[in-house]
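# Per-entry structural report
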Amino acid sequence: MTENKNRCVVTGLGTINAIGNNVEEAWKNALDSITGIKNTTTVDTKDCYATLAAEVHCDCVNHIEGTEEMDRSSKLAIKAVKEALEDAKLSLFNDDTRVSVIFGSCVGGAVSIDHYYRNEKPEDDIVKMPISAIAANIAGYVHAGGVVTNIANACAAGTISIAYACDLIRAGKADIVIAGGSDAFASVPYAGFLALHALDANPCSPFNKCSGITLGEGAGCVIVESYNHAKARGAHMYCEVLGSGVSSDAHHITAPREDGEGQMNAINWALNTSGVKKNEIGYINAHGTGTAKNDNAEFLSLHTIFDNENDNLSVSSTKAMVGHCLGAAGAIEAVFAIKALTTNKVPATLGYTEEDLENLKEKAGKIDFVPNKSHEKNLDTVMSNSFAFGGNNASIIFSKKEGNVDIKNDCGDVYVTGLGIVTPYGSGVDKYVSMVHDKAKPESSSMHSEVTVEDYVEYGLKPLFRKHDNLSRIQVVSGMQALKDASITVTDENATSIGIVEGSSEGALGTCLEFTENIVEKGCANGSAFKFPNTVYNAAGGYLSICSGIKGYNVTVTNGSQSGLQAVAYATNIIRQGKEEYVLASGTDENIEGIEELYTKLGYLSDKVVMPFDNTNGFTLSDGSTTIVLENDKNAKSRGAKKYAKVLGYGMATKAVPFGKLKGSDLGLDKAIKLALEDAKLNASDIDTVFGFANGNSVVDAIEFDSLNRVFEDHASELNLVEVKDHVGEARAAASALALAHASLMLSGEIKEDIAHKLDGTKTLVSSTSLKNVLCISYAAGGTYTAVIITK
């Protein structure tokens, strides 16, 4: 068979969890049906009906050199990464842009958030809190220089991370991707699931007792590599990574669809893109949480897809041993699925009594649910499934065979066909255009965006307004605006052809702070069932899916301020590879009391307005939501869509520095711009205008200024530099997406003119008629940068 550039292979594995401090120990204990579920002593359990957890008790995570100042979630991640790299016989990467890090998490630095409120709010805890810190810390530890981001889709995050890793390799953007997931057991998820009455007072037993989950913690890592790269260096290859499927239920923020539609979409898409038949799947590591709603929906999905198609299928849930590890679950379970494949042994689901076994016979049909004891089985192809809060579903397939992965990278040009904008000045594209034409500037040193119930009424969503938190409200409104602006009506026929990629710097951190402060004061037994669902970063994207009816690809990425522009790059890749016809790419961040407190304690806020290039230590803190509809050219042409701009190319690169810092990372921006130019097939001299990220902080502004001078050399003096933060302040992910939206509005002539900076320190007025090829750039603390080029 001829070599297939779509071939991705696994060359290294790593894990740490409640039943093992490394892959071999964990796998041996899994085959021996040993559970790691015990009474917890690390969180407050007073008056709590459930006191069990599957925790990591190895102190080794606290003694990894270079990780002393990291949150527990990052320490767990790096422990797994170290093992996987050693297994793959790889070491430090010298800032190689062909090496990327994609890591998933649900609660990120929840241990540090808890510590912050129990210990008089030490400043050192602040940079440990965001999920963004995890991938950045890994990149810094191994000196990866490529795409670095975190997938924040709750319990599906680990699986989506591996899927995205393969997409990047197949797009030609990476040779090696360090992919996985990590989460630590902490009071936030414990109190939250208690409040939802979703925890089991006894050890969970998925597909059996179905009376609740048991939380766990840990990390899993797989080194995903292009086949050609792995072959060239003589690497040991565990297996091929075939296709994947990512979908959205568009149903409920915490409960799955009872009919399993979204789950089945993800599974079927994974099968279809893999080029394998249903009867070739020998084992599935199921999501299998132990709650009645989740287990029943998954049970229905598996029977519907595989009954009468596969008489030799084994299914088990290893959560009965390692607990539900949230954002790490999919990655740990991928490690177990790959070990099952390569050892021809299937792990069990624990907790069945003799009576349970009789009941299982009646409902299992021909599917082997592997009760209590592992067994040997010849395997060629296996699957791992993850389903999450927000209605997010992910499925991925591993195989000893090459398969026939059907992923293209030439599915047409990508256009901007719709915009939705929420800023502190109000909501709507017209409002924003008017504000720019009026030369509006920030009115205070800390600005806040709001949407009202009237905004929800416009889209027939009034009953949902009270249920949504502030972050979700501004995301929902900008998303619905973008759909309306693009003249897209979501129907049953096109719902799965539309995706969502939400980017956020801090995500739901503000709500998580509020939730934590309450349980520190009142105890874990008194967590808010109303607030808890909104503590997950993907809640905003989940609510947008529910409100709009979008059932396609749904992912939340988080890596600092550049997350909004990174969402555009991710969405562009989805369309180029033919996974969706349209994708809503958004940047959304909020400025509520807790967030403002954190930035104030870090010294970034003053009592005066700070403008780009003001050469200060801070910036004007702001927020908002910008949603951009991206669409393939065939679709846009056939329906006569308005085209604001065309996406020519993108680049992402990293020069890792300690998370929370930026100084010293300049070359990461240089590389991102050069990669974008290469992708767009342009020279530096073809760019006429740059939409930048300067915010008034001297370090941030200097990096932008110096990098543009280096990359553009003699052409630098001719560049016009437009800064959206001149108008809206540092709105983080919202501002990075807004930069591209603003550029699109100028390219299309909606915004007639704006003030532009020159690199000699002067200012000028730039007309929309002078724009042709525009570069949009953004940054993230820790040294990751994204560059996107668009044209008329």
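Read on for a plain summary of the structure. Residue numbering note: each chain is counted from 1, following its sequence as written. At least 70 in pLDDT is required for a residue's local features to be given in this predicted model, at least 80 for side-chain atom pairs to be given and counted, and no such filter applies to totals for whole chains, interfaces and linings, which use all residues. Each side-chain value is derived from all of the structure's non-hydrogen atoms; neither hydrogens nor water enter the calculation.

This brings us to the overall build of the chain. Here a strand is any run of E in DSSP of at least two residues, a helix any run of H or I of at least four, and the numbering for each starts at the N terminus. Looking only at helices and strands, the chain features 24 helices and 27 strands. Overall, the chain is about 80 × 65 × 55 Å in size when its C-alpha atoms are taken along their principal axes. Three exposure classes are used, based on accessible area relative to the maximum for each residue type with a 1.4 Å probe and protein chains only: buried under 20%, partly exposed in between, and exposed over 50%. In the chain, buried positions account for 68% of the 792 residues. Accessibility throughout is a Shrake-Rupley quantity obtained with a 1.4 Å probe, and a residue counts as covered only by protein chains that appear here. Working note: accessible area of the chain is about 25,500 Å², and carbon and sulfur atoms make up 47% of it. Asp and Glu are treated as the negative residues and Lys and Arg as the positive ones, with His and the ends of the chain left uncounted. Lysine's charge is taken at NZ, arginine's at CZ, aspartate's at CG and glutamate's at CD. In the chain, 69 side chains carry a positive charge and 99 a negative one; their mean positions are 3 Å apart.

Quick look at the pattern of salt bridges now. Salt bridge, as used here: a side-chain nitrogen of Lys or Arg that lies within 4 Å of a carboxyl oxygen of Asp or Glu. The full count for this structure, using the stated rule, is 32 salt bridges. Arg233 serves as the salt-bridge partner of Glu225, at 2.7 Å between the closest nitrogen and oxygen. By relative accessible area, which is 29% here, Arg233 ends up partly exposed. The residue Asp259 makes a salt bridge to Arg257 at a minimum N-O spacing of 3.0 Å. Assessed through its relative accessible area of 36%, Asp259 is described here as partly exposed. A relative accessible area of 17% means that Arg257 is categorised as buried. Among the ionic contacts, a cluster of salt bridges with common partners joins Arg257, Asp259, Glu261 and Lys551.

Turning our eyes to something else, we now look at the nonpolar core. The definition of a nonpolar core used throughout is a set of buried Ala, Val, Leu, Ile, Met, Phe, Trp, Tyr and Cys residues joined through side-chain atoms within 4.5 Å. Judged by nonpolar contacts, the single largest core of 184 residues is most densely connected at Val224, Phe398, Tyr432, Tyr570 and Leu630. Counting residues per element, this core draws most heavily on helix α24 (residues 733–747), at eleven residues. Membership of the second largest hydrophobic core comes to 33 residues, among which are Ile78, Ala88, Val142 and Ala656.

Attention now goes to the environment of Glu718. Within the secondary structure, Glu718 sits in the loop between α22 (698–712) and β23 (720–722). The sequence separation of Glu718 and Tyr227 amounts to 491 residues, and the corresponding C-alpha distance is 44 Å. Whether two residues are in contact is decided by their heavy atoms, any of which lying within 4.5 Å being enough. When near neighbours in sequence (up to four residues on either side) are disregarded, Glu718 contacts Asp688 and Lys758.

The next thing to look at is unusual backbone geometry. In this model, Cys210 sits at a positive phi of 55°, which is unusual for a non-glycine residue. Note that Cys210 resides in the loop between α6 (187–195) and β7 (218–226).

Quick look at helix α13 (residues 429–437) now. Turning to α13, its buried residues are Val429, Tyr432, Val433, Met435 and Val436. What you see down the axis of α13 is that its buried residues fit within an arc of 160°, all on one side. Taken together, the buried residues of α13 touch β15 (414–423), α23 (725–728), α24 and β24 (753–757). Each C-beta atom gives one direction from the helix axis, and the arc is the one those directions make.

Within the fold, Asp679 resides in helix α21 (residues 666–680). Separated by 30 residues in sequence, Asp679 and Gly649 place their C-alpha atoms 4.8 Å apart. For Asp679, the residues in contact, after removing those within four places along its chain, are Lys173, Arg576, Leu648, Gly649 and Tyr650.

What follows concerns the packing of aromatic side chains. To pair, rings of Phe, Tyr and Trp, with the six-membered ring standing in for Trp, must have centres within 6.5 Å; the planes then decide the type, stacked if under 30 degrees apart, edge-to-face if over 60, and tilted in the middle. Inspection of every chain in the model, using the stated rule, returns 18 aromatic pairs. Arranged with centres 5.2 Å apart and planes meeting at 65°, the rings of Phe193 and Phe532 form a pair that is edge-to-face. Of this pair, Phe193 sits in helix α6 while Phe532 sits in the loop between α16 (509–522) and α17 (539–548), placing them 339 residues apart in sequence. By relative accessible area, which is 8% here, Phe193 ends up buried. Since its relative accessible area comes to 3%, Phe532 is described here as buried.

This part is about the side chain of Thr289. By the element assignment, Thr289 lies in the loop between β9 (283–285) and α9 (292–306). A residue is classified by how much of its surface remains accessible, and Thr289, at 3% relative accessible area, is buried. With residues near it in sequence (within four places) discarded, Thr289 still touches Cys204, Pro206, Gly212, Ile213, Asn294, Asp295, Lys319 and His324.

Attention shifts here to the pairing of strand β8 (residues 239–248). Counting buried residues along β8, ten of its ten residues qualify, which places the element largely inside the surrounding structure. Pairing analysis gives three bridges linking strand β1 (residues 8–16) to β8, with the strands arranged antiparallel. By the bridge assignment for β8, Val9 is matched with Glu240. Pairing geometry for β8 and strand β14 (residues 392–399), over seven bridges, is antiparallel. Bridging from a neighbouring strand, Val246 pairs with Ala394 of β14. At least two DSSP bridges between two strands are needed for those strands to be called paired.

Function cannot be read off these values alone, since they describe shape.
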